[in-house]
Amino acid sequence: MNMIAGPASASAGVIGQAGASISVRGLTVTYNTGLRAVHDASFELDPGTICALVGVNGSGKSTIFKAIMGFVTPAAGEIRLSGRPVAEAVRRNVVAYVPQSEDIDWNFPVLVDDVVMMGRYGHMNFLRIPSRADVYKVHAALERVGMSEYRKRQIGELSGGQKKRVFLARALAQEGSIILLDEPFTGVDVKTETAIISLLRELRSAGHLMLISTHNLGSVPDFCDQVVLLNRTVLAAGPTAEVFTQANLERAFGGVLRQFNLGGAALHDDEDPRGLTVLTDDERPLVIYGDRKGQSAPPAKRPGEPTS
Amino acid sequence: MMAELLVPFGYDYMLKAMWVSALVGGVCAFLSAYLVMKGWSLMGDALAHSVVPGVAGAYILGVPFAVGAFFSGILASLGMAFVRQHSRLREDAVIGIVFTSLFALGLLMASIWPTSVSVQNIVLGNILAISDEDVVQVAIISAVSLGLLLLKWKDLMITFFDEAYARSIGLNTVMLKALFFTLLSACTVAALQTVGACLVIAMVVTPGATAYLLTDRFGRLIVISIMLGAGTSFVGAYLSYFIDGATGGVIVSLQTLLFLAAFVFAPKHGILAGRRRAAMAGAPV
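First, a word on scope: everything that follows refers to the structure included in this document. Once a new chain begins, its residue numbering starts again from 1 and follows that chain's sequence as written. Both sets of labels track the order of writing: A upward for chains, 1 upward for ligands. Restriction of local features to residues with pLDDT of at least 70 applies here, the model being predicted, together with a cutoff of 80 or more for giving and counting side-chain atom pairs; totals for whole chains, interfaces and linings are based on all residues. In computing side-chain properties, one takes all heavy atoms of the structure into account and sets aside hydrogens as well as water.

What follows is about the overall build of chain A. In this description a helix means any DSSP run of H or I spanning at least four residues, a strand means any run of E spanning at least two, and both kinds are numbered starting from the N terminus. Each helix and strand counted, chain A has 10 helices and 13 strands in total. Here's how the labels work: a residue is buried when its accessible area is under 20% of the maximum for its type, exposed when over 50%, partly exposed in between, all with a 1.4 Å probe on protein chains only. In chain A, which comprises 308 residues, the proportion classed as buried is 53%. Taking all contacts inside chain A whose residues are at least 6 apart in sequence as the whole, residues at least 24 apart take part in 66%. Accessibility throughout is a Shrake-Rupley quantity obtained with a 1.4 Å probe, and a residue counts as covered only by protein chains that appear here. Entry remark: accessible area of chain A is about 13,200 Å², with carbon and sulfur atoms responsible for 51%. Contact criterion: two residues are considered in contact whenever any of their non-hydrogen atoms come within 4.5 Å of each other.

Time to look at a nonpolar patch on the surface. Residue and element names in this part refer to chain B. Patch membership requires more than 30% relative accessible area and the absence of a salt bridge. Residues of like charge join within 9 Å; the nonpolar side chains Val, Leu, Ile, Met, Phe, Trp and Tyr join within 5 Å. For this analysis, a salt bridge means a side-chain nitrogen from Lys or Arg found within 4 Å of a carboxyl oxygen belonging to Asp or Glu. Together, Met1, Met2, Leu5, Leu6, Phe9, Val235, Leu239, Phe242 and Ile243 make up an exposed nonpolar region whose accessible area comes to about 850 Å². Counting residues per element, the nonpolar patch draws most heavily on helix H13 (residues 218-243), at 4 residues. For Phe9, the position within the fold is in the loop between helix H1 (2-6) and helix H2 (12-38). The partly exposed category is assigned to Phe9, whose relative accessible area is 34%.

Bringing the packing of aromatic side chains into the picture now. In this scheme Phe, Tyr and Trp rings, the latter by its six-membered ring, pair at centre separations within 6.5 Å, and the angle between planes marks the pair as stacked below 30 degrees, edge-to-face above 60, and tilted otherwise. The full count for this structure, using the stated rule, is 19 aromatic pairs over all chains. Seen from their ring centres, Trp106 of chain A and Phe167 of chain A are 5.5 Å apart, and the 85° between their planes marks the pair as edge-to-face. Here Phe167 of chain A lies in helix H5 (residues 160-174) and Trp106 of chain A lies in the loop between strand S6 (95-98) and helix H3 (112-121), a separation of 61 residues in the sequence. Taking the relative accessible area as the measure of exposure, Trp106 of chain A reaches 16% and is therefore buried. Centroid distance Phe108 of chain A to Phe218 of chain B: 5.3 Å. Interplanar angle 25°. Geometry classified as stacked.

Residues and elements named next belong to chain A. Two strands make a pair as long as DSSP finds a minimum of two bridges between them. A sheet is described by the order of its strands in space; here 6 strands give the open sequence S6-S7-S8-S3-S9-S10, paired in mixed fashion. On the outer flanks of this sheet lie S6 and strand S10 (234-239), each paired with one strand and no other. Each neighbouring strand pair of the sheet contributes to a mean axis angle of 15°, computed without reference to strand direction. With 4 bridges joining them, strand S3 (residues 49-54) and strand S9 (residues 226-230) adopt parallel strand pairing. Residue pairing for S9: Leu53 is matched across the bridge by Val228. Each axis is a line fitted through C-alpha atoms, taken for helices only over the stretch in contact, and angles between the N-to-C directions span 0 to 180 degrees. Sitting on the sheet, helix H1 (residues 61-69) is in contact with S3, S6, strand S7 (178-182), strand S8 (209-213) and S9, with an inclination near 150° to S7.

So, about the environment of Ser111 of chain B. Residues and elements named next belong to chain B. Mapped onto the fold, Ser111 is located in helix H6 (residues 91-112). Along the primary structure Ser111 and Ala56 are separated by 55 residues, whereas in three dimensions their C-alpha atoms are 9.6 Å apart. Here the side chain of Ser111 touches Leu107 through a polar contact of 2.7 Å, landing on its backbone oxygen. Two N or O atoms form a polar contact when they lie within 3.5 Å of each other; inside protein one atom must be a possible hydrogen donor and the other a possible acceptor, and for residues adjacent in sequence the pair counts only when both atoms belong to side chains.

Each side of the interface is counted separately: chain A has 31 residues, and chain B has 23 residues. In total, about 2,500 Å² of surface goes out of reach between chain A and chain B, with carbon and sulfur atoms giving 61% of it. In terms of surface lost to chain B, no three residues of chain A exceed Phe71, Phe108 and Pro109 of chain A, which account for 26% of the buried area on that side. Between the two partners, chain A and chain B, sit 4 salt bridges. Here Asp114 of chain A ties to Arg217 of chain B by a salt bridge, and the two come within 2.4 Å at their closest N and O atoms. Joining chain A to chain B, the criterion identifies 10 residue pairs in polar contact (both at pLDDT 80 or more). At the level of secondary structure, the elements contributing two or more residues to the side of chain A that touches chain B comprise S6, H3 and H5 of chain A. Ranked by residue count, the leading element in the side of chain A that touches chain B is H3 of chain A, at 5 residues. Each residue is assigned to one of three groups, with Ala, Val, Leu, Ile, Met, Phe, Trp, Tyr, Cys and Pro labelled nonpolar, Asp, Glu, Lys and Arg labelled charged, and all others, Gly among them, labelled polar. Of the residues in the side of chain A that touches chain B, the class split is 20 nonpolar, 6 polar and 5 charged. By definition, the buried area sums, over both parts, the 1.4 Å-probe accessible area that each loses when the two are put together.

Residue and element names in this part refer to chain A. Taken in spatial order, the 4 strands line up as S2-S1-S4-S5 in an open sheet, and their pairing is antiparallel. The sheet is open, and its two edges are formed by strand S2 (36-45) and strand S5 (84-85), each paired on a single side. The sheet contact formed by strand S1 (residues 22-30) and strand S4 (residues 76-81) spans 5 bridges and is antiparallel. Bridge pairing in S4 places Arg25 opposite Glu78. Here H1 sits on the sheet and contacts S1, S2 and S4; the angle it forms with S2, its principal contact strand, is near 65°.

A word on the nonpolar core. Among the buried residues, those of types Ala, Val, Leu, Ile, Met, Phe, Trp, Tyr and Cys that are joined through side-chain atoms within 4.5 Å form a nonpolar core. Formed by 129 residues in total, the largest nonpolar core has its most connected members in Val54 and Leu200 of chain A together with Phe161, Phe180 and Phe218 of chain B. In terms of residues, this core owes the most to one element, H2 of chain B, which gives 12 residues. Setting aside anything within four residues of it in sequence, one finds Val54 of chain A in contact with Lys61, Thr214, Leu217, Val220, Val227, Val228, Leu229, Leu230, Phe244, Leu249 and Phe253 of chain A.

Moving on: the environment of Ile179 of chain A. Within the secondary structure, Ile179 of chain A sits in strand S7. With residues near it in sequence (within four places) discarded, Ile179 of chain A still touches Ala96, Val98, Ala171, Leu203, His208, Leu209, Met210 and Leu211 of chain A.

Right, let's talk about helix H5 (residues 65-85) of chain B for a bit. Residues and elements named next belong to chain B. Residue count minus one, scaled by 1.5 Å, sets the expected span of a helix. In this model H5 runs 30 Å from its N-terminal to its C-terminal C-alpha over 21 residues, within 8% of the 30 Å that 1.5 Å per residue would give. Taken together, the buried positions of H5 are occupied by Phe65, Gly68, Ala69, Ser72, Gly73, Ala76 and Met80. Buried positions in H5, seen along its axis, are confined to an arc of 135° and lie on one side of it. What points out from H5, more than 90 degrees from its buried face, is the exposed set Phe71, Leu75, Leu78, Phe82 and Gln85. Those residues of H5 hidden inside the fold are in contact with helix H3 (41-50), helix H4 (52-61), H6, helix H8 (132-161) and helix H10 (173-195). Here the arc refers to the set of directions running from the helix axis out to each C-beta atom.

All names here are of chain A. Counted residue by residue, S1 has 7 buried out of 9 residues, so it is predominantly covered. Of the strand pairs in this sheet, S1 and S2 are connected by 6 bridges, and their pairing is antiparallel. Bridge pairing in S2 links Thr30 to Arg36. A loop of 5 residues connects S1 with S2, the two strands running antiparallel in sequence, and Gly34 in this loop sits at a positive phi of about 95°.

Remember, this is a structural readout, not a statement about activity or role.
See the structure below:
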């Protein structure tokens, strides 16, 4: 086993393009069953952005993902990815998708190497025979996520966090400038979460655009600079500080969100009116200190992480 | 002794049977690699039984059996899709109802309008008496299927492994799955000739299942599966000369033997390997 799992050693070649943007205008998606999953949704995202897509189950998060990948045809509205229509962007491998862990058959007989190589398929000819450059990019991507020593493992033999990193490596190998991540923190330990977040930040610096569907409200203010709040339409979209407020979250989640309010009097014996609010969608909770509902959450610091 | 063992190679009909069986067995095994990964094994069985009325009808009307089989295969797929969409039944119940209905219809047709081909030949297969026209059909079906699979095996692998991702890189997964099921129906029809409708399911499941126990890489799984499928079919047809038994029974019995061997002795995924691992884990370090 080689032990060269240095995180930043092989970044060249994996991160290339910049200038990714997503423009969703008046998007309406109606399924065959008559269900109107998303109605008149609009938001704009610029290069070098990490954006959280937040909402209850059934609020249209996965429909928006599907629309961006071209799986569903909008009944109305338009999506442009880096200025191109969806079909063309998909053909050019602009969009890299990191699926939810539950959607993967972990018993499938593929090695870590094989999965990451799938990221190169969109760049190969119809016989899908890897070139030397493809092999190099797969190695570089694996090294970047610190998974080089697990290259020859069957994917089911990995831990939850390692599994995530493999699929992230596939997205890197694909070299898409827009990366869609579906619940990347589910079933992942804090150490891996921190590693994933710092990788996403590096990608942001390189001009990538990441759209993350997440229930992990607590980590949103840490690393997302934009938030899109959904409930069948866009309730609010914009910078995290403006959008990710208690008032907006209550609007997006209604009664679904668990909420604990501890007033100032319950916390301390003085005149300080500030209290503590804990909002959780049953993953890492969002903790808000303060007295006003409109106030945004300050980014919480994680252990072992430089302040940005 | 040696001369006796070579006797089957002296007969044209035996040579034909062995090579046709091997070809069909190999292609079915290729498909089995995919089928067992998706939990769709019963679909193979369903398709094989569903094409029986088509085959019976084709012999009655005197058209190539592949044409009839193709039509009833399509009918079965559409029927299953229709019942599933318009009822609350689970998939296995829908498959069970549709394929048994068609199978019954086939038996009924064959007994009402007896033809040169008996019900028994359709149900149990009779490769030793295969006609030259049927050999041509089987060879064409197998060769075309093999060619398409060799061209598209990686695209099919991604589609079966991670369909959402396959679509996101621009693969037409609907077309690929349609291609797969078309090939599956075509090859089950071809395999009817060798092992019959009842045992086709083994041809499109057992080699893949055995290979899955032996490797962690899909490409190797396909190669092992094909070797198992083609090898057992060839040897099975050969052996059936001596034991005077139904070829299908011999082929499938061989496949089962190899499966059992892999099940017990496979280096990583076999029972013994599992025991060894458990013992190692339990032992004090």
